[in-house]
Amino acid sequence: MNAALSVDLATNVLQDIVRQQPITAEQVLSVVADYYHVDLADLTGRSRSKENVLPRQMAMYLLREETGASLPQIGDIVGGRDHTTVMYAHEKMTEEIETNDTRRRETLAIRERLYKQ
């Protein structure tokens with residue numbers, strides 16, 4: 001651009017990348033539920049059906065990664081689950097994202113929706 005580097009220029013260029021407000025747990029749950037076409041109540045409910053397990057684990061992973069919430073806090077958010085359940089979901093999704101291209105693309109798509117809000 002042949003322009004001198006300045007704070008205004010950097011702010012202008014990075015405004016789409018840097019989010020002004022932190023991501024909330026409600027935003028994460030809403031975007032994950034929408035992406036996987038499940039009800040918000042299913043993410044936080046007691047159901048162990050296959051249709052709900054993956055979205056719930058993804059929500060727990062993203063809650064940890066994007067909000068920095070503690071394991072017990074995330075357990076409370078997703079229906080009163082134990083912190084070890086959250087830890088298992090986070091570890092499982094981390095491994096899936098590293099080894100499964102589909103899961104990696106899903107995570108990127110959800111994050112994109114989350115940050116475009």
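Here, every reference points to the structure presented above.
Each value, and the rule that gives it
- Position numbers for residues start from 1 in each chain and track the written sequence from start to end.
- Restriction of local features to residues with pLDDT of at least 70 applies here, the model being predicted, together with a cutoff of 80 or more for giving and counting side-chain atom pairs; totals for whole chains, interfaces and linings are based on all residues.
- Only hydrogens and water are set aside when side-chain values are computed; all heavy atoms of the structure are taken into account.
- A helix here means a DSSP run of H or I that spans at least four residues, while a strand means a run of E at least two residues long, and both kinds are numbered starting from the N terminus.
- When accessible area is computed with a 1.4 Å probe and restricted to protein chains, residues below 20% of their type maximum are described as buried, those above 50% as exposed, and intermediate ones as partly exposed.
- All accessibility values rest on the Shrake-Rupley procedure with a 1.4 Å probe; residue burial counts only the protein chains present in the view.
- Any helix carries an expected span of 1.5 Å times its number of residues minus one.
- We call two residues in contact whenever any of their non-hydrogen atoms come within 4.5 Å of each other.
- Working convention: axes come from line fits to C-alpha atoms, limited for helices to the stretch in contact. Angles between N-to-C directions cover 0 to 180 degrees.
- Left-handed describes a crossing whose near helix is turned anticlockwise from the far helix through less than a right angle; right-handed describes the clockwise counterpart.
- Only Asp, Glu, Lys and Arg are considered charged, only Ala, Val, Leu, Ile, Met, Phe, Trp, Tyr, Cys and Pro nonpolar, and every remaining residue, Gly among them, polar.

**Q** Please set out the overall build of the protein chain residue by residue, giving values where relevant.
**A** The secondary structure content of the protein chain amounts to seven helices and zero strands. Here the C-alpha coordinates of the protein chain stretch approximately 55 × 30 × 25 Å along the principal axes. Per-residue burial for the protein chain yields a buried fraction of 33% across its 117 residues. Carbon together with sulfur atoms contributes 50% to the accessible area of the protein chain, which is approximately 7600 Å² in total.

**Q** Explain helix α6 (residues 83-99) to me, and be specific about the residues and the numbers.
**A** For α6, with 17 residues, the first-to-last C-alpha span of 24 Å sits near the 24 Å given by 1.5 Å per residue. In this fold, the buried residues of α6 make contact with α4 (50-67), α5 (71-77) and α7 (101-115).

**Q** Tell me about the packing of helix α2 (residues 25-36) against α4, and name the residues and values.
**A** At a minimum axis distance of 9 Å, the contact between α2 and α4 shows a crossing angle of 145 degrees. You can see that α2 and α4 cross each other, and the crossing is right-handed. Together, Ala 25, Val 28, Leu 29, Val 32 and Tyr 36 of α2 and Leu 54, Pro 55, Met 58, Ala 59, Leu 62, Leu 63 and Thr 67 of α4 make up the contact between the two elements. Looking at the contact of α2 with α4 residue by residue, the classes come out as 11 nonpolar, one polar and no charged.

**Q** Quick rundown of the side chain of Arg 103? Include the residues and the values.
**A** Inspection of the secondary structure puts Arg 103 in helix α7. Leave out the neighbours within four places in its chain, and Arg 103 touches Leu 54, Met 58, Met 93, Glu 96 and Ile 97.

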